[in-house]
Amino acid sequence: MPEPTVVDATVVDPTVVAADYFQSYSVVGLLAVVGVLFVAVAFGAGRLLRPVVPTPEKLLTYECGVDPVGEGWAHTQVRYYVYAFLYVIFAVDSIFLFPWATVFAAPGYGAATLVEMFIFLGFLAVGLLYAYKKGVLTWT
């Protein structure tokens, strides 16, 4: 049996502290088990209730209800990925600008956050300038 320790002139039993510690995690564990059971029951009910009637028409691959014609491989222009990448860059930019605006309004953070945000916007501007010079932003 471990020796009790004295804290603030009271005796604290280590087993009581450990029990309280693990009790708080038992709630999280119970919630995780309930969540896994809920998903398992939902999938099981779906498997039992759905009709299974495989026909050759149902086993065909299709896209938007159109029967497939030709091969499944298609060429995709790389420029569309570049546009998507540029969109992600500016979406991340807006994600960082909103919290910055709230911190900028707090007293004592004005000058430091202003300089940091202009450095961040400078990096984004350099990236945009690079994309413009490479001709990425021209739609052909």
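Keep in mind it's a predicted model, so treat the numbers as computed, not measured.

A. Summary view of the overall build of the protein chain. A tally of regular secondary structure across the protein chain gives 3 helices and 2 strands. Sequence-ordered secondary structure for the protein chain, helices as α and strands as β, is β-β-α-α-α. Going through the 140 residues of the protein chain one by one, you find that 5% of them count as buried. Considering only residue pairs separated by 6 or more positions, the protein chain has 45% of its internal contacts joining residues 24 or more positions apart. Counting every atom, the protein chain has about 12600 Å² of accessible surface; 73% of that belongs to carbon and sulfur.

B. Focus on helix α3 (residues 110-133). Across its 24 residues, α3 extends 34 Å between first and last C-alpha, which sits within 8% of the 34 Å expected from 1.5 Å per residue. Buried residues of α3: Thr 113, Met 117, Leu 124 and Ala 131, and no others. In the core, the buried residues of α3 are packed alongside α2 (78-105). Just downstream of α3, Gly 135 is the residue with a positive phi angle, here 85°.

C. How the structure looks around α2. For α2, with 28 residues, the first-to-last C-alpha span of 42 Å sits near the 40 Å given by 1.5 Å per residue. Residues of α2 that are buried: Tyr 83, Leu 86 and Asp 93. Contacts from the buried residues of α2 go to α3.

D. The arrangement of the packing of α2 against α3 in detail. Interaxial distance between α2 and α3 falls to 11 Å at its minimum, and their mutual angle equals 170°. Viewed along their axes, α2 and α3 adopt a mutual orientation that is roughly antiparallel. Taking contact as the criterion, the partners of Leu 86, Ile 89, Phe 90, Asp 93, Phe 96, Leu 97, Trp 100, Val 103 and Phe 104 in α2 are, on α3, Gly 110, Thr 113, Leu 114, Met 117, Phe 120, Leu 121, Leu 124, Leu 128 and Ala 131. Of the residues belonging to the contact of α2 with α3, the class tally is 15 nonpolar, 2 polar and 1 charged.

About the thresholds
Residues numbered from 1 in each chain as written. Predicted model: local features only at pLDDT ≥ 70, side-chain atom pairs only at ≥ 80, totals over all residues. Heavy atoms only, no water. Helix = DSSP H or I, 4+ residues; strand = E, 2+ residues; numbered from the N terminus. Buried < 20%, exposed > 50% of the residue type's maximum accessible area, 1.4 Å probe, protein only. Contact = heavy atoms within 4.5 Å. Areas by Shrake-Rupley, 256 points an atom, 1.4 Å probe, with all protein chains shown as cover. Expected span 1.5 Å × (residues − 1). Axes fitted to C-alpha atoms, helices over the stretch in contact; angles between N-to-C directions. Parallel < 35°, antiparallel > 145°, perpendicular 65-115°, else oblique. Nonpolar A, V, L, I, M, F, W, Y, C, P; charged D, E, K, R; others polar.

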